[in-house]
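Commentary on secondary and tertiary structure
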Amino acid sequence: MTSPTSNPTSEPAANASPATVASGAPARTFSGIQPSGIVHLGNDLGAIRNYVRLQDEYEAIYCIVDYHALTSTHDGDVLRTRTREMAAGLLALGLDPDRCTLFVQSHRPEHTELAWLLMTVTPVSWLERTPTYKEKVAQQPDDVNHGLLTYPVLQAADIVIYKATNVPVGKDQAAHLELSREITRAFNRRYGDTFPEAQAVFTEAPVVLGTDGVRKMSKSVGNTIDILAEPDLIRRQVMSMVTDTLRIRRTDPGRPEVCNVCQLHRFFGDDYLEIQDGERTARTGCVDTKKLLADRIIRHYAPARERYLELMAHPAEIEGILETGADRLRPMAQATMDEVRAKMGLR
Ligand code: AMP
Ligand code: TRP
């Protein structure tokens with residue numbers, strides 16, 4: 001049997017159970033997602049499944065982070081469209097505006113004021129050593145804007161403005177979350193206990209590999225499976241997946257523990273051990289296993305795709321949900337800002 005620890009898509013979660021708050025304050029969930037336009041399998045298995053689950057366990061707030069997106073997206077129309085698409089995608093996948101608050105970051109501009117205040121407790125060296133900053137500098141060398149450097153401070157502000165305690169994210173966000181906690185501690189040290197230290201909450205698949213089978217699934221790499229896209233595209237993407245590179249001939253035994261396709265099957269059926277056995281004994285070929293995965297992914301996400309298309313046909317409904325979300329958060333955001341301004345000597 002495959003050891004779960006050798007499975008690239010199901011590294012054990014560091015802390016699957018959400019944090020409790022020492023101060024006795026109610027636990028609150030917050031997460032942010034970039035309006036990248038598409039929702040891919042990595043987003044869903046790595047984070048969105050937990051967003052959906054946590055709406056029933058805690059007060060939950062989810063934010064489409066358009067301010068963050070400005071560090072890489074510079075076309076206003078594109079950003080607006082992607083923001084709407086991301087909202088529709090999240091709602092289609094199970095966020096329910098009656099059970100959580102969904103809003104757009106720039107609709108609550110207090111986030112940027114708090115980010116400025118937090119910058120004054122954040123050493124530049126912490127930001128310069130952040131791995132994602134270095135990656136972005138390599139990815140967009142002609143556009144190393146200041147927003148890329150201060151990105152994690154805005155992220156910390158997103159979380160602490162609602163005094164959130166649990167932050168569902170994929171593993172790629174672990175460094176940002178750690179930095180948020182350091183910034184929180186730096187603020188609390190200087191101005192007195194104000195914010196709880198938020199914990200990352202991971203799913204069973206904190207790192208989903210892309211169709212190349214090597215790198216993390218990511219829109220910027222171009223190795224995604226776009227779960228809400230038309231079935232033909234999903235099928236093409238799944239059929240393009242790299243499997244066990246040492247299995248050259250159909251008759252060669254496969255190594256399901258290193259095959260991304262086999263690993264992904266565990267999220268789409270109870271028979272994944274049988275599927276893995278078929279590969280190991282060469283009873284089945286990689287093409288069969290991919291076809292089956294494509295069918296299952298398409299079937300699994302078909303109802304969500306239907307809801308997605310329905311929502312996209314009614315943009316006013318989406319806008320209404322997002323506006324209501326931002327309005328609902330106003331008192332909480334303003335109360336935190338009043339407290340912070342008073343502590344920092346701004347009132
Ligand atoms: P992003 O699209 O980068 O804003 O990511 C949205 C959420 O999905 C974040 O919590 C990420 O950590 C998570 N995520 C993105 N890509 C992956 C992946 N390949 N595997 C697991 N989680 C992911
Ligand atoms: N940086 C996160 C990402 O790229 C998005 C994000 C912004 C976020 N603010 C956040 C995630 C607050 C969790 C909490 O995926």
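Residues numbered from 1 in each chain as written. Chains lettered and ligands numbered in written order. Predicted model: local features only at pLDDT ≥ 70, side-chain atom pairs only at ≥ 80, totals over all residues. Heavy atoms only, no water.

Here we look at the overall build of the chain
Spelled out, the test is: Only runs of H or I of at least four residues qualify as helices and only runs of E of at least two qualify as strands under DSSP, and these elements are numbered from the N terminus. As a reference, a globule follows 2.2 Å times the number of residues to the power 0.38, and the radius of gyration itself is taken over C-alpha atoms. The contact rule is simple, with two residues in contact once any of their heavy atoms fall within 4.5 Å. In this description, accessible areas are obtained by the Shrake-Rupley approach with a 1.4 Å probe, and a residue is regarded as covered only by the protein chains that are shown. Positive charges come from Lys and Arg alone, negative charges from Asp and Glu alone, with His and the N- and C-terminal ends not counted. The location of each charge is read from NZ of Lys, CZ of Arg, CG of Asp or CD of Glu.
On a plain count of helices and strands, the chain comes out with 13 helices and 5 strands. What you see for the chain is a C-alpha radius of gyration of 21 Å, in line with the 20 Å of a compact globule of 347 residues. In terms of overall dimensions, the chain has a C-alpha envelope of 75 × 45 × 45 Å along the principal axes. Relative to all contacts within the chain whose residues are 6 or more apart in sequence, the contacts with residues 24 or more apart total 78%. Total accessible area on the chain is roughly 15500 Å²; 54% of this is exposed by carbon and sulfur atoms. Treating the 40 positive side-chain charges of the chain as one cloud and the 46 negative ones as another, the clouds have centres 3 Å apart.

Regarding the environment of Ser218
Stated precisely, the cut-off is as follows: For this analysis, a polar contact is any N or O atom pair within 3.5 Å, provided that within protein one partner can donate a hydrogen and the other can accept it, and provided that sequence-adjacent residues contribute only side-chain to side-chain pairs.
When you line up the elements, Ser218 lands in the loop between β5 (199–201) and α9 (231–239). For the pair formed by Ser218 and Cys262, sequence separation is 44 residues and the distance between their alpha carbons is 19 Å. Not counting residues within four places of it along the chain, the set of residues in contact with Ser218 comprises His40, Asn223 and Thr224. Polar contacts involving the side chain of Ser218 include one to the side chain of Ser220, which spans 2.9 Å.

Observations regarding the environment of Leu246
By the secondary structure assignment, Leu246 is in the loop between α9 and α10 (260–265). Among all residues touching Leu246, those that are not within four sequence positions of it are Asp252 and Arg255.

Section: the pairing of strand β2 (residues 59–64)
So the rule is basically this: Here's how the labels work: a residue is buried when its accessible area is under 20% of the maximum for its type, exposed when over 50%, partly exposed in between, all with a 1.4 Å probe on protein chains only. By this definition, two strands are paired if DSSP reports at least two bridges between them. Looking down the strands as they point away from the viewer, one classifies a crossover as right-handed if the path from the first strand across the helix to the second runs clockwise.
Summarising burial for β2: 5 of the 6 residues are buried, a large majority. Here 6 bridges tie strand β1 (residues 28–33) to β2, and the two strands are oriented parallel to one another. Residue pairing for β2: Ser31 is matched across the bridge by Tyr62. A crossover links β1 with its parallel partner β2, the connecting element being helix α1 (residues 41–54), and its sense is right-handed. In the sheet, β2 pairs with strand β3 (residues 101–104) via 4 bridges, with the strands oriented parallel.

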